[in-house]
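Below, each chain spelled out in residue letters.
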Amino acid sequence: MRVTDAEFVQGFIRLCSDGYAQGWHERNGGNLSYRIRESELSTLRPRLRTDGVWQSIGTAVPGLSGEAFLVSGSGKFMRNVALDPEACLAIIELDPAGENYRLLWGLRDGGKPTSELPTHLMNHEVKKRATNGRHRVIYHAHTPNLIALTFVLPLKDEVFTRELWEMATECPVVFPDGIGVVGWMVPGGREIAVETSRLMERYDAVVWAHHGLFCSGESFDLCFGLMHTIEKSAEILVKVLSVRSDRLQTIRPQDFRALAADFRLSLPERFLYEKESKCAERLAWRGRVKAGCMAEYRRRHAELWPEMAEVLWAAGIRNYSIFASGEELFGYYECERGVAYAEKVQAESPVVKRWNAYMQDILELRMDPETGAQPKLTQVFRLD
Ligand code: 13P
Ligand code: ZN
């Protein structure tokens, strides 16, 4: 069998053409990679080179030891892939340490795999582990509407996820875990690869501000479908924002909760915040760390458990800030759903109980005997 006749190579080529037709691949913009199954590789072995020179990947991906990938070439145009796949694409294999690669096929007229190889491989490594080997496709495209939004929306996972979810009812179903956002960084290196793959632990899509989008998927169809859904939603949002800055009606947090129940989805509460928090109630508390324990207090909060953050979001708590003066602590937060609700959710949460127990050794315990929390302060002035 010719390499280009293999089903996975055909699927790869089709995605490149479809992405170009969408307007996502000006010049050499964007790139694609596929983690090849051993069975797919073995049928092609007689057609593959064995004399490729090992070259550094620029990062280490030990979780991909010995794996082979079909990747687009650096500087190659997506619109040319279908016309001349052997010149535009490469099959590479990694060494046992996952630090070097060598060419098995393709790049007939010379060249290198995509300059984003470190990000592609680090994403593959994360996704292979996180999905038990199911995800095989990583796709990067320059999707114009989503890029436009990175100039006008806060670069926060919560904001991008929520705004895109609101623009199309199918979105929470297609990407229920949300999407991540990376601020502007120099592309093509290890640093942006580390940042992107960190977010790929929890998301299947990561936005690069002022640049484009990375998506991960099980198959070419699912990966392309994810990119397409996100970009379409971004296009609707750009249109809505262009017509007028406010919305007369939209899909509300309670609607998302109803959708989640009906579709048996788990939508993280941190994406379902109330947007109008102007009249939110506020709560302040005071406390004290034991002598010499402030550094440890800071460290534990810098590494706040994700499940603790999720409980606080679910309790409607926003803008949580803690200030210190010597060993004195002063905490402040806004309660989007009211103080009573925030206290109730915390009081009933086993995670909060575990957190309080974990903090006990470094806090002077002067808890309010009624609530079990630090003593609350009384508000005496407020200017909105
Ligand atoms: P490559 O041509 O090296 O794949 O780069 C294109 C791109 O989009 C870089 O982010
Ligand atoms: Zn790019």
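Structure shown above.
In short, a report on the structure.

Parameters and conventions
- Residues numbered from 1 in each chain as written.
- Chains lettered and ligands numbered in written order.
- Predicted model: local features only at pLDDT ≥ 70, side-chain atom pairs only at ≥ 80, totals over all residues.
- Heavy atoms only, no water.
- Helix = DSSP H or I, 4+ residues; strand = E, 2+ residues; numbered from the N terminus.
- Buried < 20%, exposed > 50% of the residue type's maximum accessible area, 1.4 Å probe, protein only.
- Contact = heavy atoms within 4.5 Å.
- Areas by Shrake-Rupley, 256 points an atom, 1.4 Å probe, with all protein chains shown as cover.
- Lys, Arg positive; Asp, Glu negative; His and termini not counted.
- Charge placed at Lys NZ, Arg CZ, Asp CG, Glu CD.
- Pairing = 2+ DSSP bridges.
- Axes fitted to C-alpha atoms, helices over the stretch in contact; angles between N-to-C directions.
- Disulfide = S-S within 2.5 Å.
- Donors = N, O, S within 2.8 Å, 3.2 Å for Na, K, Ca; no water.
- Salt bridge = Lys/Arg side-chain N within 4 Å of Asp/Glu carboxyl O.

Before going further, it helps to spend a moment on the overall build of the protein. Tallying secondary structure elements over the protein gives 14 helices and twelve strands in all. Each principal axis of the C-alpha atoms in the protein carries an extent, and together these give about 75 × 50 × 35 Å. Out of the 384 residues belonging to the protein, those deemed buried represent 49%. A separation threshold of at least 6 residues defines the contact pool for the protein, and within that pool the share at least 24 residues apart is 74%. Accessible area for the protein stands at about 19200 Å²; split by element, carbon and sulfur atoms hold 52% of it. Across the protein, 48 positive and 52 negative side-chain charges occur, with their mean positions spaced 0 Å apart.

Attention now moves to the sheet that holds strand β10 (residues 281-288). Strand order in this open sheet of three strands is β10-β12-β11, and the pairing throughout is antiparallel. At either end of the open sheet lies a strand with only one pairing partner, and these are β10 and β11 (317-325). Sheet twist, expressed as the mean angle between neighbouring strand axes with direction ignored, is 15 degrees. Each of β10, β11 and β12 (328-335) is contacted by helix α11 (residues 294-302), which is oriented at about 165 degrees to β11, the strand it contacts most.

A few words on the side chain of Thr 143. Relative to the elements of secondary structure, Thr 143 occurs in the loop between β6 (137-141) and α5 (144-149). Apart from the residues within four sequence positions on either side, Thr 143 is in contact with Trp 24, Leu 213, Met 227 and Glu 231.

What follows concerns the state of the cysteines. A full pass over the atoms with the stated rule returns zero disulfides. With no disulfide of its own, Cys 16 lies closest to Cys 88 among cysteine sulfurs, the gap being 8.5 Å. Note on Cys 16: relative accessible area 0%, which makes it buried.

For the rest of this paragraph, the subject is the coordination of the zinc ion (ligand 2). In this structure, His 140 (NE2), His 142 (NE2) and His 211 (NE2) serve as the protein donors to the zinc ion (ligand 2), at separations of 2.1 Å. Sequence spacing of the donor residues for the zinc ion (ligand 2), all on one chain, is H-x1-H-x68-H. We classify His 142 as buried; its relative accessible area is 17%.

In this section: the pattern of salt bridges. Across all of its chains, the model carries 33 salt bridges by this definition. Across the salt bridge formed by Asp 51 and Arg 49, the nearest N and O atoms sit 3.1 Å from each other. Residue Asp 51 is classed as exposed on the basis of its relative accessible area, which comes to 55%. Under the relative-accessibility criterion, Arg 49 is labelled partly exposed at 39%. Between Glu 348 and Lys 344 there is a salt bridge, with the nearest N and O atoms lying 3.6 Å from each other. With a gap of four residues between them, Glu 348 and Lys 344 both fall in helix α13 (residues 339-348), about one helical turn apart.

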